[in-house]
Every structure is written in structure tokens, then in C-alpha cells.
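Residue-level structure breakdown
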Amino acid sequence: MKTSIPLNQENLKKLPSQVNVPSYDRDKVTTSIVHIGVGNFHRSHQAYYTNKLMEEYGELDGGICGIGLLDYDRRIYNILKDQDGLYTLMTKELDGSLRAEVIGSIVEFIFAPEESRAAIEKMADPNIKIISLTITEGGYNLNEATGKFDFSNPVIVEDMKNPMSPKTVFGYLAQALKLRMKRGLKGVTIQSCDNIQGNGDVAKKSLLNYVEKAEPELLPWIEENVSFPNAMVDRITPVTVAEDIENLKDQFNIEDQWPVVCEPFIQWVVEDKFVNGRPSWEKVGVQYVVNVVPYENMKLRLLNAGHSVLGMLGAVHGYNTIDEAARDEDFKKFLRDFMDQEATPTLGDLGGIDLEKYKDSLIARFQNVYIKDLIARICLESSAKIPIFLLPTIKYQLANNGDFEHGAFVIAAWCRYNDGVDEQGDSYQIEDAMSNELIRAAALSHQDPIKFLEIEPIFGDLKDNKVFVEAYLKSLDMIRNDAIKSCVQTLNTQLN
Ligand code: CS2
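Residues numbered from 1 in each chain as written. Predicted model: local features only at pLDDT ≥ 70, side-chain atom pairs only at ≥ 80, totals over all residues. Heavy atoms only, no water.

1. Some thoughts on the site of the ligand
Put simply, the test is: Nearness here has a simple test: a residue counts as near a molecule or strand if at least one of its heavy atoms is within 4 Å of that partner. The term polar contact refers here to a pair of N or O atoms within 3.5 Å; inside protein, the definition further demands a hydrogen-donor-capable atom paired with an acceptor-capable atom, and it admits residues adjacent in sequence only when both atoms are side-chain atoms. Residue burial considers only the protein chains on display, and all accessible areas are found by Shrake-Rupley using a 1.4 Å probe.
Taken together, 13 residues lie around the ligand, and Asp234, Arg235, Lys299, His307 and Arg377 are the ones closest in. With respect to the ligand, the backbone of Arg235 contributes an N or O atom lying 2.9 Å from an oxygen atom. Separating an oxygen atom of the ligand from a side-chain N or O atom of His307 is a distance of 2.7 Å. Within the complex, the protein chains bury 93% of what would otherwise be the 340 Å² of accessible surface of the ligand.

2. A closer look at the side chain of Ser280
Put simply, the rule is: A run of DSSP states H or I qualifies as a helix once it reaches four residues; a run of E qualifies as a strand once it reaches two. Both are numbered from the N-terminal end. Throughout, a contact is declared for two residues whenever any of their heavy atoms are within 4.5 Å.
Along the chain, the position of Ser280 falls in the loop between strand 13 (267-271) and strand 14 (287-289). When neighbours within four sequence positions are excluded, Ser280 is seen to be in contact with Leu53 and Glu59.

3. Section: the packing of aromatic side chains
Going by this rule: The aromatic pairing rule takes the rings of Phe, Tyr and Trp, using the six-membered ring of Trp, and pairs them if the centres are within 6.5 Å, calling planes under 30 degrees apart stacked, those over 60 edge-to-face and the rest tilted. Each residue gets one of three labels from its accessible area relative to the maximum for its type: buried under 20%, exposed over 50%, partly exposed in between, using a 1.4 Å probe on protein chains only.
All told, the structure shown has 19 aromatic pairs when counted by the stated rule. With a centroid separation of 6.5 Å and an interplanar angle of 35 degrees, the aromatic rings of Phe170 and Tyr210 are classed as tilted. Taken together, the residues span a long stretch of sequence, with Phe170 in helix 6 (residues 169-182) and Tyr210 in helix 7 (residues 199-214) at a distance of 40 residues. Pairing Trp414 with Phe452 gives two aromatic rings, centres 5.3 Å apart and planes at 90 degrees, and the pair type is edge-to-face. On the criterion of sequence distance, the pair formed by Trp414 in helix 17 (residues 405-417) and Phe452 in the loop between helix 18 (435-444) and helix 19 (456-459) is long-range, its members being 38 residues apart. Assessed through its relative accessible area of 0%, Phe452 is described here as buried.

4. Let's talk about the state of the cysteines
The line we're drawing: The disulfide definition used here is simple: a pair of cysteine sulfur atoms within 2.5 Å.
Across all of its chains, the model carries zero disulfides by this definition. Just so you know, Cys65 is unpaired, no disulfide at all, and the nearest cysteine sulfur is the one on Cys193, 15 Å from it. Cysteine Cys262 shares no disulfide, and the gap to the nearest cysteine sulfur, in Cys193, comes to 16 Å.

5. Section: the sheet that holds strand 6 (residues 106-111)
Rule in force here: Here, any two strands with at least 2 DSSP bridges between them count as paired.
One open sheet accounts for six strands, arranged 6-3-2-7-8-9; its pairing is parallel. The open sheet is flanked by strand 6 and strand 9 (226-227), the only strands paired with a single partner. In the sheet, strand 2 (residues 31-36) pairs with strand 7 (residues 130-133) via four bridges, with the strands oriented parallel. Across the sheet, the residue bridging to Val34 is Ile131, located in strand 7.

6. Observations regarding unusual backbone geometry
In this model, Lys372 sits at a positive phi of 50 degrees, which is unusual for a non-glycine residue. One non-glycine residue, Asn401, lies in positive phi territory at about 50 degrees. Here Asn401 lies in the loop between helix 16 (391-399) and helix 17. You can call Asn401 exposed: its relative accessible area is 74%.

7. Quick look at the pairing of strand 7
Alternating positions in strand 7 separate into two faces, Ile130 and Ser132 on one and Ile131 and Leu133 on the other, with burial throughout. Bridge count between strand 7 and strand 8 (residues 188-192): four bridges; the pairing is parallel. Opposite Ser132, over in strand 8, you have Gln191 as the bridge partner.

By themselves, these observations are geometric and do not establish any function.
Below, the structure written as C-alpha cells:
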């Protein structure tokens, strides 16, 4: 029996030749990026582009220092420490073949709960030019309905009380930026890589809201010295499962404790607003544009909302993965009609983009059978996703007397989803920061169906919109009384 090779710097030369490994000298890499939230997505996207720049162009001054702020980050910290910051990116091609590539751009890691001072100092280091973030849609701490920063969040309250031992990203950034100001250092770019419309603007708004209360004297310095480019980021990156780790051993002889799996497609469209310079990512395919909003809307309202549509419908039906739902002809038609009739009209002018092709390509990406993107991943934290991915489309259509019935049906399916059991009788967890409210409202909705729409931080005043409420109640009634697949079949014929 062959023994697999544990991934680390020393062992790189022993890996099979079909595995791409960093051929640049990692000792020469210098760190100019701090990244907060080293999850799978950061590792399949920004760290991938940066590694490619190092590998293909020898540009070695864009090294990344990962910073983990949450207890949950301890695992990735320990693994990357064990593996000298290396990990394998497993790209699952559409023909089923698997490409394995070792990524070397993460060269340092700080686990902030144990080294908060070191984390602050690192962000304040004069060599750091960019602090990038993947802190999830909910991480910006805004009330979805009012758009206001949530000062009642207990961790924010704690950070305001104990600014020198922060817990939140805002607490850390405030302390680090204060040091930069006091030391007369250059500014820094705060670069959000989360799926939020105007993600840079949102990062700025949240940070300024926090700083205004916590460190008001810092406000003008931030306005002057910090930039917050908006960006659209894209690469489907499913949860890594045990089978992936086994496959990597079997096919490539690599023992990696936490490889990352992804699709071949990748895109990053960014506003070129970097106050203190940046790596030449354009050489490896990153697009710089003046206005990223149209791209963001297109991606959020078609891809991410498309995921939520398949996720909610698929979860209630009992599918496990997105490709199963996307290959179901009824769900596929529902999704395409949603995209064409409801999401597309909200997008405005998209310059040279061929939207028909874009939508076709999304369906093909969703149908990739090798990706095995779990419906559970798509549905988790929906209380932070739906308000960004789907509600703007519904609201636009309501305001413009357009079509919104598919959207209303998906909201009703989300209510049904929170019953916590699918139509095959299998139960699942509701993983969501608002799970208590969601589960409670869904339970109450069996007697009083409007209850779910009354969750104010999510839906705001949508419950007062008569036409929407009517469509929503009709959908919920259908879903509660019939299989979701036959409801979808009915809608597919009715709404054409
Ligand atoms: C997904 C995204 O979490 C979700 O609901 O829609 O993670 C999606 O896979 C990525 O944004 C693709 O770029």
C-alpha cells in the first residue's frame, strides 16, 4: 500500500509531477496583505490569484498574513501551521477530471483570540498595504431592514467597553488604524470580498459607524487615508468533505488536512481604488473597472439569488446538492423564469455583457455534478443572504409593477424550510444567526401564515404590501398542502 505524503514545504519536491506546486522561493515572499477570515472562499479566490501572480510573474511582495478572529478559526490556524501555510486547491472540471494545485501565497497566520496584540500590530505594520475581508454577509453587523449598524450586538458592546482586547473586526480595525495614524504611517486599503452589493461602501459605512462612537478622533484620518473599493467576487467553493480528502490521497498521493474544492470558473471585478498600492492582479485575470455596481448586481441577483432559489426549493423537496436541484427540469424552468422575468429587468445597462449567455453559463455551473455543492451550505445564514440576494429584486418589481411571483414563492418556501424537515421526512438543522426567530415564526405561521413576513429585521414593511402578501400567502398555502415539486409545476404553467 502506498503511503501518502503529508503536505508541507519540505515535502513539496516529493509530490507527483502532475501536481502544480509553488516553484518560487517562498522565503523571499514579503507580506503586504492581511486577510481576515481565511475560509474556503478566500483560499479558492484571492489567495489563488495571488499565488498565480507569484508563480507566473515572480511578483513576491503580495504575501498574505491570515488572521482568524473567531474561535472557529483555530482549526484552520493549526492546520496551516502544520502545513507551512500550504494547502491544495482541487478544481473539479466540467468533464469530471480533477486538478490539484498547491497554493503558497499564505505565508503567515495569527490566531487573534490568543494573540490580539500581535494581530493589531500586524495590521498596523508599515508593510501592510491591504486589509482584505471575507467576514460573511452578516459580518458587517447591519440591520437588514433599516440598514443601521447594530450597536446592541453584545460583542460590539464588549468591544466598545474593552477597546484594547477587541473581538470584532471593527474593534480590531479601529485599534490598528489608530496606531497607523499615531505613528504617521501611510493609509491602507480595506478590501471587502463578501457577496454584498457595494461591499466596499458597506465596509466603510460599518467601520465609520463604529469608529464614530468608539474612537471619534480617528474619523477624519480614515476619511483621508483609507480606501474601500467595491468588488464583485465569484467562484463556487463548496464545503470540503471527507471524500475530497480521500480522493486527494488516492489520486495525487497528498495528505492535506483541509484542501479546498472549487469549480473552474473564477472572476474578480474590482474598482481600482487602492490608496497604498496593490499587487498587479490584472496580469492574472482580475478586471479593474470604474463602476462595479452593475457587475455586482448581476452576480448577486442571478447567481447568488439563483442559488437561494434552488437551495430553498431543493431543501424542502429533499435534494442534498445544488446540481440535483438544477438538473430537475421543473426547478430548472422555475429558476430560469425567475431570472428572465424577475431578476433581469432590475439590472439596467450591463455594457457589453451578454446576459443570455451569462444565465446559460450559470445553469451549467449549477449543474456541475462533480462539485457536489451542498444545499445545506446555500441555505445556511439565509437571514443575511436573502435580504441581499433576493429582496432587492422583489422590491424593485413591486415598485415598478413588475413580476414578483417567483420571488414570493421562494420566500414562502423559506418559511416552509424553517419547519426543519423535508418532504421525505428527513430533518435538518437551521444554521442561522437568527434561527430562533426563524423557527418560531415558521411554527406560528401554521396558524397565522403572515407571521413569517412579520420578522421585521429581515422584511421591514413588506408585510404591509397587499399585492405581495397575497402572492406570498397563496404560495405558502400551496406549499403546505402539496408537494413543492407539483406547486412548481403548477406555477411553471400558470406564470407563462
Ligand atoms: C452562495 C455563494 O453562499 C451562497 O449562498 O451563493 O457562496 C456562491 O457560491 C459564491 O458567491 C460564488 O461566487
